[in-house]
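Take a look at the letters that make up each chain.
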Amino acid sequence: MFQSLFGFLPDIKLAENLTGDLSLILLFVGLSIGFGFVFGRTKLLSVMIDVYVARALVSVIPTDWIADAAYANVIIFSLVFIFLLLIDQRLFDIHLSNRGSDFFWRLGVMSLLVTGMVLSSFLFFFPQEVALDYLSHTVYGYFTNPFPSVFWMLGPLFVLFFINKRLMR
């Protein structure tokens, strides 16, 4: 493609699902920023816990209880997640400290990790063949392969362990 135009460049193959990959990346970054500003420091941690609970509940539902529909798991996950989002104010009272000059950095990192965790969980329950119609195997793997899934589930907890400590002066 480019080689025929310029002659000296090697032929570059673009990903078959480049549009889907770029859309997901832009959506991921946008949601991360949105999560940080809309939910704020207090609600962001509640969202993280909501994802853990929703994913755990959907993972233990016996398969014979769920309809054979391809989207049953993702619908149940979404409903449980939204339900928990609506009631978690009564369940959790956790927050990130806003002391110190690095507050926005800590909020940005947590919102990025929580958004990755939500997206990883959503894609985990979403039918793979449908997701791969829109995303490349590479980008899909960044959220669903075993090691990245563990990263998205443990990353927020690991980071929270370090950034939730009281700032020393």
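Keep in mind that what you see is a predicted model, and the values were worked out from it rather than measured.

Q: How would you sum up the overall build of the chain? Please name residues and give values.
A: When you go through the chain residue by residue, the secondary structure sums to 7 helices and 0 strands. By the burial criterion, 40% of the 169 residues in the chain qualify as buried. The contacts of the chain with a sequence gap of at least 6 include a subset with a gap of at least 24, amounting to 77%.

Q: Mind laying out the nonpolar core, listing which residues take part and the relevant values?
A: By size, the foremost hydrophobic cluster in this structure holds 38 residues, and its most contacted members are M48, M110 and V114. Going through the elements one at a time, α2 (18-60), α3 (72-91), α4 (103-125), α5 (128-131), α6 (137-144) and α7 (146-163) are the ones with two or more residues in this core. Tallying contributions element by element places α2 first for this core, with 11 residues. If near-sequence neighbours (up to four positions away) are discounted, V114 is found in contact with F35, L44, V47, M48 and P156.

Q: How would you summarise the confidence of the model for the chain if you had to cite specific residues and measurements?
A: Here the chain shows a mean pLDDT of 76. Residues at 70 or above account for 73%. Throughout residues 1-6 the model reports pLDDT below 50, and contacts reaching past four residues in sequence, or to other chains, amount to 9 contacts. Confidence drops under pLDDT 50 across residues 8-13; counting only partners more than four residues distant or on other chains, this segment forms 7 contacts.

Q: Lay out the packing of α6 against α7 with the relevant residues and their values.
A: For any two helices packed against each other, one specifies the crossing angle of their axes together with the interaxial distance. The N-to-C vectors of α6 and α7 enclose an angle of 50 degrees; their axes lie 5 Å apart at closest approach. The angle between the axes of α6 and α7 places the two elements in the oblique class. Of α7, the residues touching α6 (which contributes G141, Y142, F143 and T144) are P146, P148, S149 and W152. Of the residues contributing to the contact of α6 with α7, the split by class is 5 nonpolar, 3 polar and no charged.

Q: Let's hear about the environment of V47: which residues, and what values?
A: Tracing the backbone through its elements, the reader meets V47 in helix α2. Spatially, the C-alpha atom of V47 lies 8.5 Å from that of F81, the residues being 34 residues apart in sequence. Among residues more than four places away in sequence, those in contact with V47 are F35, F39, F81, L85, D88, V114 and V118.

Q: Requested: an account of a nonpolar patch on the surface, with residues and values cited.
A: A surface patch of nonpolar side chains, amounting to about 700 Å² of accessible area, comprises L18, L22, I25, V29, I33, F37 and F104. Sorting elements by how many residues they give to the nonpolar patch places α2 first, with 6 residues. Within the fold, V29 resides in helix α2. V29 sits in the partly exposed class, given a relative accessible area of 41%.

Analysis parameters
Residues numbered from 1 in each chain as written. Predicted model: local features only at pLDDT ≥ 70, side-chain atom pairs only at ≥ 80, totals over all residues. Heavy atoms only, no water. Helix = DSSP H or I, 4+ residues; strand = E, 2+ residues; numbered from the N terminus. Buried < 20%, exposed > 50% of the residue type's maximum accessible area, 1.4 Å probe, protein only. Contact = heavy atoms within 4.5 Å. Core = buried A, V, L, I, M, F, W, Y, C linked by side-chain atoms within 4.5 Å. pLDDT = per-residue confidence, 0-100. Axes fitted to C-alpha atoms, helices over the stretch in contact; angles between N-to-C directions. Parallel < 35°, antiparallel > 145°, perpendicular 65-115°, else oblique. Nonpolar A, V, L, I, M, F, W, Y, C, P; charged D, E, K, R; others polar. Patch = residues over 30% accessible without salt bridge, like charges linked within 9 Å, V, L, I, M, F, W, Y side chains within 5 Å. Areas by Shrake-Rupley, 256 points an atom, 1.4 Å probe, with all protein chains shown as cover. Salt bridge = Lys/Arg side-chain N within 4 Å of Asp/Glu carboxyl O.

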